[in-house]
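# A closer look at the structure
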Amino acid sequence: MKTILDLTKEELEEIVKPSFRAKQIYHWIYQKYAETFEDMKNIPKSIKEELAKEYIVNPLETVKIEVSSDGSKKYLFRLHDGYTMESVLLPMKKKKIDEEGNIIHETKFSICVSSQVGCKIGCAFCLTAKEGFKRNLTAGEILAQVIYIKKDNDIAQNRSVNIVYMGMGEPLDNMANVVKAVKMFKDPDGLAIGARRQTISTSGLSAQIEKLGKMDLGILLAISLHAVDDELREKLMPINKAYNIESVINAVRNFPIDARKRVMFEYLVMKDLNDDQTSAKKLVKLLHGIKAKVNLIYFNPYPGSPFKRPTEKDMMGFKDYLNNHGVLCTIRQSKGLDISAACGQLKEKTDNDMA
Ligand code: SAH
Ligand code: SF4
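Residues numbered from 1 in each chain as written. Chains lettered and ligands numbered in written order. Predicted model: local features only at pLDDT ≥ 70, side-chain atom pairs only at ≥ 80, totals over all residues. Heavy atoms only, no water.

### A few points about the overall build of the protein
Counting secondary structure elements, the protein contains 12 helices and 14 strands. With respect to the three principal axes, the spread of C-alpha positions in the protein is 70 × 55 × 40 Å. When burial is assessed residue by residue, the protein has 52% of its 355 residues classed as buried. With the model as given, the accessible surface of the protein reaches about 16,400 Å², and the carbon-plus-sulfur share is 51%. Here the protein contributes 54 positive and 47 negative side-chain charges, whose respective centroids are spaced 3 Å apart. (Helix = DSSP H or I, 4+ residues; strand = E, 2+ residues; numbered from the N terminus. Buried < 20%, exposed > 50% of the residue type's maximum accessible area, 1.4 Å probe, protein only. Areas by Shrake-Rupley, 256 points an atom, 1.4 Å probe, with all protein chains shown as cover. Lys, Arg positive; Asp, Glu negative; His and termini not counted. Charge placed at Lys NZ, Arg CZ, Asp CG, Glu CD.)

### Structural notes on the site of ligand 2
Close to ligand 2 lie C119, I121, G122, C123, F125, C126, A129, G169, E170 and S203. Considered class by class, the residues forming the shell around ligand 2 number six nonpolar, three polar and one charged. (Near = heavy atom within 4 Å. Nonpolar A, V, L, I, M, F, W, Y, C, P; charged D, E, K, R; others polar.)

### Remarks on the site of ligand 1
In the vicinity of ligand 1, 22 residues are found, and the nearest of them are G169, S201, S224, H226 and N300. Interatomic distance of 2.9 Å between a backbone N/O atom of G169 and a nitrogen atom of ligand 1. In this structure, E170 approaches ligand 1 through a side-chain N or O atom, which is 3.4 Å from a nitrogen atom. Protein burial of ligand 1: of its 540 Å² of free accessible surface, 94% is covered by the chains. For the shell around ligand 1, the secondary-structure elements that each account for two or more residues are β10 (198-202) and β12 (263-269). When its residues are assigned to classes, the shell around ligand 1 shows 11 nonpolar, nine polar and two charged. (Polar contact = N/O pair within 3.5 Å; in protein donor to acceptor, adjacent residues only side chain to side chain.)

### Section: the domain arrangement of the protein
Domains assigned within the protein are domain 1 (1-58) and domain 2 (59-354). Its C-alpha centre places domain 1 at a distance of 32 Å from the equivalent point of domain 2. Of the residues lining the interface, 18 residues belong to domain 1; the matching set on domain 2 comes to 22 residues. Between domain 1 and domain 2, the buried area comes to about 1,800 Å², and carbon and sulfur atoms account for 54% of it. Contact with domain 2 buries area across many residues of domain 1, yet Y30, Y33 and N58 alone supply 38% of it, more than any other trio. The tally of links from domain 1 across to domain 2 stands at four salt bridges. For K180, the salt bridge is made with E11, and the minimal N-O distance between the two is 3.0 Å. Remark: the boundary between domain 1 and domain 2 carries 12 residue pairs in polar contact (both at pLDDT 80 or more). For the side of domain 1 that touches domain 2, the elements supplying multiple residues, two or more each, are α1 (9-15) and α2 (19-30). In terms of residue class, the side of domain 1 that touches domain 2 is made up of 10 nonpolar, four polar and four charged. (Domains from an automatic or database assignment. Contact = heavy atoms within 4.5 Å. Buried area = accessible area lost by both parts, 1.4 Å probe. Salt bridge = Lys/Arg side-chain N within 4 Å of Asp/Glu carboxyl O.)

Rendered as structure tokens:
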């Protein structure tokens, strides 16, 4: 069964006549978060029945929700063909000073979405990789993650959220559907989430980064770098054999980025592997001349994982080296460490629980 969420406003207008009915349906989906055609009260039964022959509205069934003490929430969803994938809601408290000088707390939301069931890239440290690749998600299945997480958390329809394509899968290996989703998220009659609120994270498919850059969508880019020399990166990420570090850096240099923004480099820190000062030094050199921001991530161990979490001291040492040498660097707060933080981990756990 296909989901109606796969259709853009224009595509919907082509199949639903008169076109004001298409607009009403669009409104039901994106403003009122209707999950079935029956929910769409002012739409004639004949139109609904016709659509229901071919489409469903909400393509996701919620299998499990894990809530972490820091407020992040991990969702495990089942798709119509039985496959499962996950998304995470990450609330971030921000302090703001109002006009009278009072400190006010404001919560911003990011939603981490999956782009595929499984992944072909096969990174050594990643749980998603272990189950292999099942299939691409459609644009509608990507949109659905955001719509129904917003609904489940009473996040008002007009409240914009940030989207990070950092869940399961490699977004640039599912370029057509991901680009369609980016554009559909932007629609002012839909969720109205601008491109600058959307970050695509990639393991570094240089050719696809170049292609994406030429589309000039205005999105933000995150590169999962994780290593500073090809030898180690190849071991961690087999994709490095096809696209080495130099090709990734070159693709980033060609990528159009808003003058006020930076390219994010994710660096997964693993004990005794890439947590030393020599690596930090090489990283500074590598990023020379790029408006970059490095995000250090503590490796999150899972049962049987061959890598270890770095010490806090080495992590801080790495961060300080970068910051002292002109590279903006932060450590990702391990949101939801007490749930099942890294991608693929909730799914793994549930599969085991069910076995
Ligand atoms: N495929 C894309 C996006 C999804 S992976 C990419 O690789 O960029 C999202 C992030 O989760 C990546 O930066 C990845 O390195 C990280 N990740 C994977 N396994 C992890 C683990 N065990 N602990 C912490 N982060 C992990
Ligand atoms: Fe795929 Fe990203 Fe996991 Fe690598 S880290 S296997 S690219 S999801």
